[in-house]
Structure formats: structure tokens, C-alpha cells
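# Tertiary structure, described
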2 protein chains.
Amino acid sequence: MTKINKAACIGGGVIGGGWIARFLLAGIDVDVYDPHPEAKRIVGEVLANAEKAYAMLTGAPLPPRGKLTFRDTLQAAVAGADWIQESVPERLDLKRNVLTQIDAAARPDTLIGSSTSGLLPTDLQRDMLHPERLFVAHPYNPVYLLPLVEIVGGEKTSAATIQAAMERLPPIGMKGVHIAKEIEAFVGDRLLEALWREALWLIKDDICTVETLDDVIRYSFGLRWAQMGLFQTYRIAGGEAGMRHFLAQFGPALQWNWTKLMDVVDLDDALVEKIGQQSDEQADGLSIRELERIRDENLVGILQSLKGSHGGKGWGAGKLLKDFEHQLWAAGGDKKETLDVTKPLRLIDTKVSPAWVDYNGHMTEHRYLQVFGDTSDALLRLIGVDLDYVERGHSYYTVETHIRHLGEAKLGQTIHSTAQILASDEKRLHVFHALHDSASGDVIATAEQMLLHVDAKAGRATAAPEEVLVKLRPLSAAHAVLTMPEGAGRHVGQKR
Amino acid sequence: MTKINKAACIGGGVIGGGWIARFLLAGIDVDVYDPHPEAKRIVGEVLANAEKAYAMLTGAPLPPRGKLTFRDTLQAAVAGADWIQESVPERLDLKRNVLTQIDAAARPDTLIGSSTSGLLPTDLQRDMLHPERLFVAHPYNPVYLLPLVEIVGGEKTSAATIQAAMERLPPIGMKGVHIAKEIEAFVGDRLLEALWREALWLIKDDICTVETLDDVIRYSFGLRWAQMGLFQTYRIAGGEAGMRHFLAQFGPALQWNWTKLMDVVDLDDALVEKIGQQSDEQADGLSIRELERIRDENLVGILQSLKGSHGGKGWGAGKLLKDFEHQLWAAGGDKKETLDVTKPLRLIDTKVSPAWVDYNGHMTEHRYLQVFGDTSDALLRLIGVDLDYVERGHSYYTVETHIRHLGEAKLGQTIHSTAQILASDEKRLHVFHALHDSASGDVIATAEQMLLHVDAKAGRATAAPEEVLVKLRPLSAAHAVLTMPEGAGRHVGQKR
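Residues numbered from 1 in each chain as written. Chains lettered and ligands numbered in written order. Predicted model: local features only at pLDDT ≥ 70, side-chain atom pairs only at ≥ 80, totals over all residues. Heavy atoms only, no water.

## Quick word on the domain arrangement of chain A
Each assigned domain of chain A is listed with its residue range as follows: domain 1 (6-186), domain 2 (204-285) and domain 3 (335-480). Here domain 1 of chain A and domain 2 of chain A have C-alpha centroids that lie 31 Å from each other. (Domains from an automatic or database assignment.)

Written out as C-alpha cells, the structure reads:
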């Protein structure tokens, strides 16, 4: 079993809140202990952002949200948990004290992760009775969108613990990366700290402003690093001559005076004020909330684009998202049990994502067909035509579509689609979809579609097998008694 | 005038080739001088990659490609150029010598950019007669996709030169960032060098492998940096308390032993071999060419997703792409002069992009409608309904679409669309589009659409103004004599 049944979060700030969101949105109940008077508000804000982001990120059906409970004591929060995540402030004495309390209160087989960004797990586990289940699980902000978790064990951490931690992350949409040896700040923060120290010198010495420095990153190597890291990028730069040749060329630069890093910048009041002022100018009036919203939109778009890359197979963080969605679909998110077949089937519930709208915030024409296509896909899954079925060589192809636009969908609007089967036989599936505003139920658009069952390799229509037809017939029969929807059977420009 | 009429490239390796591609694809003639025997092959390969990437990157019409000429002498190449880009190997004596020759042969008002990644412009311009027009224009690989150019002046560089250089980059799809003070390696490479030195230590000390290190980057801060840089990201991390508070918290870490950067790693044979081996494993059998293709697909997808972000306004490199496309459209790429109105109008020429295909490499259903929507948009521009017209408050909205799928479009396939006007009056525009395989001319799909002229604010149909109708009527009259296309007027499921 690699799925977490119940999680506990000790500490609920921005990082703890991000963990809470990951667990809840994956359907896992979470108990929280955080004595901070503002804890509920902060967690609530992070959770609201995370829910918005997830709604844009994936059209796959999320499981019912886990139950969130704030507890009055650490002991009550950790009871019964099989993953406990500690995210208290970054002080060794405080973390050790909290971890010792967790250790005493939790079942001995419970996994205990620390969100520390720099402390050594060996130091953290020193006073624990069951230190073998303590590890560093260091995430990155925003935790609900960035998938990375650095997994680092201490001297007493067991190999089984590391393996268990790694296995439990994909089901919550995250990626564990195991760091082989413990070292202060691990890998990510060491790299960040090196770049950060150099950046501070560039600002202090007036080489550039913070805005210029950020532009240098995001118009160049930031784009590279979103999809391949440092070494893979340099492997390409080395070309056919290879990585070893590239290193030989790059070597001499290591002796050049190309960084200030033999010296540490003094972050005095003057430098703090300079950066503060430049940062205010760069923000250009955008509040932190607005910047967060823009950042999340951007990250969602990047993750989605990487999901579609590499010939549709997905790449890096996009591949991870694709796999995560595959799990969500496989988990039966189609909510089959709640479907009422005596009326058009409600199949897709979504929100109009930023990637779907034009300059004016209206949903772009072809995105309507995307939702209708997703609706047909969801209907097909109900009769057993899923990814596995398609990979075995057969599928339904759309041969004809008639769309009518009756209203407009706008950015962020909650929408859902319904599907009515008009007719079917062993080859044909004739359906009528409607896209609704979820608040009012009003129909925004309709699509009438004809689908044909095909042998994909032979490239021709063929009868669907009995395993499919046996599921299709009862649905089709249930819909046969429904009224023909207004708008069905029309051609373009037909008078009402 | 901020557009370059003729460019010269001295040195045509991977970086020079990238510049050549940027110029040519923006419609600018380029003369090249490079005595390297393989220069034509290398430039040809970069250009082929760049053309593939541009075809995926934008549906906007590219101008006719500029003329590429290889010259036998530096003097012949620079004659008549108004931007000369030097991209010879990174040695001060060599670059000074080449720049002195360029200086002597070029018109005194010609802009001269150097692609150096580290040398000071003051050192480069020392022996020039007209040093005021020399500047560093440092791009990033792949130059045809990453928009950044660091613009750095030396002691003798004029302010007018810097301004002129900055203005001439957006028309070729690039972004100049002016670095205020010259310093070795400027800003980008200083940041990269700091991170690189730290990364080498992490590999040498066996903290992680190159693959783990790359994963740490691309599953976390790489995604952040593709859209906001370092300081804007930390501004958000600081939350409502602000940047100054964030710095106060971060300050103490500067004194911690969190980097190895007080020391320089020895890139000896053992370390080179270790990295080489780990890099081979990471590549997992993918060749450099395959990695390049994947990288370019990823970058295209990221740039496109950022173009659609921020409520459709675009963000960062995506905003730049949006502006670039705006220019391309405004430049009249619709090829009005070549349109033959006595038959269906050929309006969109494109290729099936990686972002458009499903797992099997087939164009996704809704992308057909995207191409048909683009076809309607192109038709509307012909009658004066362009972005400016829409921003003034009126537009045509699609109210009905009927799509028939007759074949399949596959990844990389060259396709084009044609549009026939079936009927029109002052409010209505009834069109019939066909999507063709460009090699065979075969029809892959058709779309019949009804569009209505609307007052967008009032949200209702209204007669189009005379300025639009006066352009629509002759097109409509010319098409009135054409045969009604097979498939028009049909409803879904209609017998043949």
C-alpha cells in the first residue's frame, strides 16, 4: 500500500498549508496542530489558492476532498496518522523538541517528514526513540503546484523509510527526489544560495536593478530550466562532441574572476533598502495577491504545456502531471455511482481556465469543442472505452460535429457539460451535448456529434465488441425515452 | 526607423547561426562570413531547427524569408549592413582583430554587436576608429527561441547606439536588456557561473548525480524562473510583510556555511569522467538531435502558455511573443496581393504542432476548430475586422459551426485552409472552410460557419458599418458564382 490514509501536519504556515492542500485535494484527511492564532486564516488562504490552481491545472476528476480538522494538541493531531509532516520555524532546538513530541505520540511505523530547508536529518533525529522513520521532505513554494520534494535521510534513517516516502508522493501529485548524502541545505537551496549571493553583489555594485536581473533570468535560462536542468542543457550545448568535450572547454572559466563568491556580501540596511525600493518599482502596483494569482496561472500553463510535449507523452513535470491525472481517472473519478441515467448525463465539471480565454476574457471558440470532446471521452469511458482500450487498437472517432453558441463563457466561470444519447447501433454513437453555466444552469452552447467505432490500425469503421455494446445499450435505452433536445438535427443557418 | 534592412553575421557557429535564423525569419537579408569549412552545414542545421520551431511557435504569418548569402571576405559581408553581429570564438585578441576589420569596412553609422559571453566591451572597442557603435549583444542558446539579449556598452559606446540596439530587437522577436555597468560575464553568465560552481561540488562530493540535480531544478525553481525571476519570486515569498522583511529573515543564512564557494572545484579528469558517465545515463539513449527537438517543443509550449496567461494579456516572454505576433499581423502577412478571389481563399498555411496532437500523433479534435477559427479571423481581417476594429467595440461572433472529419492530420504535417463565402448580408456571414493536406491537396476536414456582426458591449447583433460591407460585398459577389461545396447545408447524421 503506497497511499496515505490519514496525514497530520504540525505547523500550518505557507509551507505547512501547502502540504495540507496537497493531502486534502488528493482525498486524504488531515489533522493540523498549530498554536499560532492566525493559523486557520493562513491555511484557509493557501487552500483557496490551491483549489483555484487545481481547477485550472487538471480536468481530471478530483476525489472527494479530505476532511480538515484543527486539533488543540500535537498528540491529538498525530493520532492515527500514517504520514506526519513537521513544518515549524527553522530552528534546530525547536524542531528537535517538536519531533521528539511527535515521536512519543505517534505509532512507531508512522512516517515523519520534516520540511526543513537546511538542517541535517541526523541532527533532527538525535533525541528520537524511533529515529529510523524520520527524514527530510523539503518542498518548494507554492507547494500545491511545484512537485519537487527533496528526500534526505540521516544516519539513523532506514532504507525502508526512504523507499516508503518516495512511493507515497506520486499519489498526491508530487515527485520525491532522493539526495544520496546529507549536507546542509541539500541540493536545491545550495544552488539557490550560490546564485542568490552572486545576485546580491550585482545589485549592491549597481551592475543592474532587481527587475533587470529578473528579466535576464526569465527571458533566457529560466525557460531552459523549466524543462531540462543544468547538465542536460549543457549536454546539448556540447553538441555531438559530447559532455566531456563541453567540460574541457568550460574548465578554464572556473579560474576566471567571474564571480564574487570568494567574498560574502554584507546585507546591511542600505542594501536592504535599495532592493526593497527596486522591488517596489518592479511590482508596478501589483499586490502580492495579484502576483500570486499571475504566478499560479503561469505555472499551471507551463505544467500543462509540458504535459502535451514530447509528442503528447509529456516531459518532466508535465509527464508527472499526466501520470497523476491517469491515476485520478483510474480512481474512478467519473463518479459513476452518482450518475442518474434517466436524464442527460452530467460528465464534466470545470472552470474556464486562463489558457482558454481571449484578450477580453471570453472562452475561445475551439475551447468549447475541447470541453465537448472531453464530454464524449467521459461518456466513452462509461462504456469501457478508456486509455487501455484505445491502446489495444480500437476507439471511437468523431466524424461530425454541429456546435451552436447561445451565450458566452468567461474566465473563471464554473461550467459543466451534459450528454444525451440520441441513437446508437453497433458502429454509430449519435450524441447531443450541452454546456451549462453551473450557477444558473443556463445552456451556453450545444454540440451534436456522430462518433464511429473504428479499428485504428486498419483505419476503418468496425462494429464495437460485445463488451462495449453491453454497457452502451442500457444507457441508450434509458435515453431513448427522453425528449429530442431543441437544436438537434439542425443544419447551419436553418431558420428557427 | 527601428527595423534592420540588412544584417551581416561574422562567424556562423551555433550562436552565429541562431542570429542568422532570427534575421532571416524576420524577413531581413543576411550576409555571412565564416572561413570554417563546416560553416554552411552548421548554419543550415540551426536554420532548419529554427524554421521548425517558428512553425510551431506562431500561427502569425511570417514575412518572406530574407536572403542568405555566404561571402568570401569579411569586407564583402559587412558592405551595406546596418547591423553587424560578431560571433567568433571567445578570445580577446581574435575578437579585437575581427572587430577592427569590421570597423574599417563598415559604414560609420552601422551598429556592431558582439556575441561575447564574458569580455568587456571597453576592451573589445580599444582599437576601433568608430568605437561608439560597438556594444555587447549577448544572446542565449537556442538563440532562435530564447529572446534575451544582454546589451552592454563600453566606455566609448554612445547612448544613441544603446538606444538604437534596444529598438531593433523586438522586430526580430528578441528582448534587449540593458546592463547598466560593464563587468566580466555581465549578469546572466555570472549567475550561471555561481550556480555551476556549486553544482560541480555537489557532483564531486557525491551528494547527488547530474540527473538528480537536474530534477531538483526542473521540478521546482526552474518552473518559477521561467516566468518570474529571483527577486519577484522572493517578493511573493515575503508575503504581505514585504521584501524588506523577507531580506531581514534571509540575511543570517549568508553567514552560514551553505555553499562551497569560498573554494573552487578542481575540474580534473576524474570529475570530467564522472560527469560524462552520469550525463550519458541521464540521456537514456536520446541523441543530441532528439534532445534538441524535445527542448524546442518544450520551449515553444512554455512560450505559448505564457502568451495566453495573465488573463490573455501575456506575461514575460509570452507577452513578448504576443507583441511580436501583433507586429507580424500588422505587417500584412495575410498576403492580400496574392489572393485569387475567383476561388475559395487560401488563408492559413501551417504545420501540425506538437501541442496539437494526442498520444498517437493525431491532431486533437478541438485543434481542427482552432485552425477553422483562425481561418475565419483571417477572412475577417481581409474586410477590415482586425484587432483594432475589435478593440473599438464591434466584432463578428461565431454562432454556429458544422465540422466534418474526412481524414486525419498528423504531427508535423503541412496543412492549409481555404474559405468560401456562401452568403452574406449586413449582419450575417455564412462561410464554408476546408482543411487540406498541402502535399496532396486532399480535404481532411470541412467547417461550415455562421458568423454574426455584433456590438460587443451591448451584446447583440447589429449591422456591420459601410467600411466593412464595402470590402465584403465584392468578395461575396465573386464567390456567388462558385459551386455550392459538397457537404454544405448538411445536418449531423444526414444520409449521403
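There is more to say after this.
## Some remarks on the sheet that holds strand 3 (residues 68-70) of chain B
Residue and element names in this part refer to chain B. Pairing within the open sheet is mixed, and its eight strands lie in the order 3-2-1-4-5-6-7-8. Strands with a single pairing partner mark the edges of an open sheet, and in this sheet they are strand 3 and strand 8 (175-178). Within the sheet, the average angular offset between the axes of one strand and its neighbour, ignoring direction, is 25°. When strand 4 (residues 83-86) meets strand 5 (residues 111-114), the two strands line up parallel, connected through four bridges. If you follow Glu86 over to strand 5, its bridge partner there is Ser114. The strands that helix 6 (residues 159-168) touches are strand 4, strand 5, strand 6 (134-139), strand 7 (148-153) and strand 8; relative to strand 7, the one it contacts most, it runs at about 170°. (Pairing = 2+ DSSP bridges. Helix = DSSP H or I, 4+ residues; strand = E, 2+ residues; numbered from the N terminus. Axes fitted to C-alpha atoms, helices over the stretch in contact; angles between N-to-C directions. Contact = heavy atoms within 4.5 Å.)

## A few points about the packing of aromatic side chains
Evaluated as defined, the whole model comprises 19 aromatic pairs over all chains. Relative to Trp196(B), the ring of Phe246(A) has its centre 6.4 Å away and its plane inclined at 80°; by these criteria the two rings are edge-to-face. With one member in each of two chains, Phe246(A) in helix 11 (residues 242-250) and Trp196(B) in helix 7 (residues 188-204) form a pair that bridges those chains. You'll find Phe246(A) and Trp196(B) in the same group, each marked buried. Between the aromatic rings of Tyr54(B) and Phe324(B), the centroid separation amounts to 6.4 Å while the plane-to-plane angle is 80°, which identifies the pairing as edge-to-face. Separated by 270 residues along the polypeptide, Tyr54(B) in helix 2 (residues 39-57) and Phe324(B) in helix 14 (residues 317-330) bring together distant segments of the chain. Taken individually, Tyr54(B) and Phe324(B) each receive the classification buried, so the pair is uniform in this respect. Each member of the aromatic cluster is reached from another via a ring pair, and the members are Trp19(A), Phe23(A), Trp83(A) and Phe135(A). (Phe/Tyr/Trp six-rings, centres within 6.5 Å; stacked < 30°, edge-to-face > 60°. Buried < 20%, exposed > 50% of the residue type's maximum accessible area, 1.4 Å probe, protein only.)

## Looking at the interface of chain B and chain A
Listed as interface residues are 154 residues of chain B and, on the opposing side, 154 residues of chain A. Together chain B and chain A conceal approximately 14,700 Å² of surface at their shared face, both sides included; 66% is due to carbon and sulfur atoms. The partner of Asp280(B) in a salt bridge is Arg244(A), and the shortest N-O contact between them spans 3.3 Å. Our count for the contact surface shared by chain B and chain A stands at 50 residue pairs in polar contact (both at pLDDT 80 or more). Considering every element that reaches the side of chain B that touches chain A, the biggest residue donor is helix 7 of chain B, with 15 residues. Tallied by class, residues from the side of chain B that touches chain A come to 74 nonpolar, 43 polar and 37 charged. Strand direction decides the pairing type here: strand 10 (residues 394-405) of chain A and strand 10 (residues 394-405) of chain B, joined by five bridges, are antiparallel. The residue of strand 10 of chain B that forms the bridge with Thr401(A) is Ile403(B). (Buried area = accessible area lost by both parts, 1.4 Å probe. Salt bridge = Lys/Arg side-chain N within 4 Å of Asp/Glu carboxyl O. Polar contact = N/O pair within 3.5 Å; in protein donor to acceptor, adjacent residues only side chain to side chain. Nonpolar A, V, L, I, M, F, W, Y, C, P; charged D, E, K, R; others polar.)

## Concerning the side chain of His453(B)
Along the chain, the position of His453(B) falls in strand 13 (residues 443-455). For His453(B), a relative accessible area of 0% corresponds to the buried category.

## Focus: helix 11 of chain A
Buried within helix 11 of chain A we find Gly242(A), Met243(A), Phe246(A), Leu247(A) and Phe250(A). In this structure, the buried residues of helix 11 of chain A make contact with helix 10 (230-238) of chain A together with helix 7 and helix 12 (269-283) of chain B.

## Concerning the UniProt feature "binding site: NAD(+)" (unreviewed entry) in chain A
Residue and element names in this part refer to chain A. Mapped onto this numbering, the UniProt entry annotates "binding site: NAD(+)" (unreviewed entry) at Gly11, Gly12, Gly13, Val14, Ile15 and Gly16. Its place among the elements puts Gly13 in the loop between strand 1 (6-10) and helix 1 (14-25). Owing to a relative accessible area of 26%, Gly13 belongs among the partly exposed residues under this scheme. Setting aside residues no more than four positions away along its own chain, Gly13 makes contact with Asp34, Ile42 and Val46. By the secondary structure assignment, Gly16 is in helix 1. Assessed through its relative accessible area of 2%, Gly16 is described here as buried. (UniProt positions renumbered as here; feature names shortened; annotations may be inferred.)

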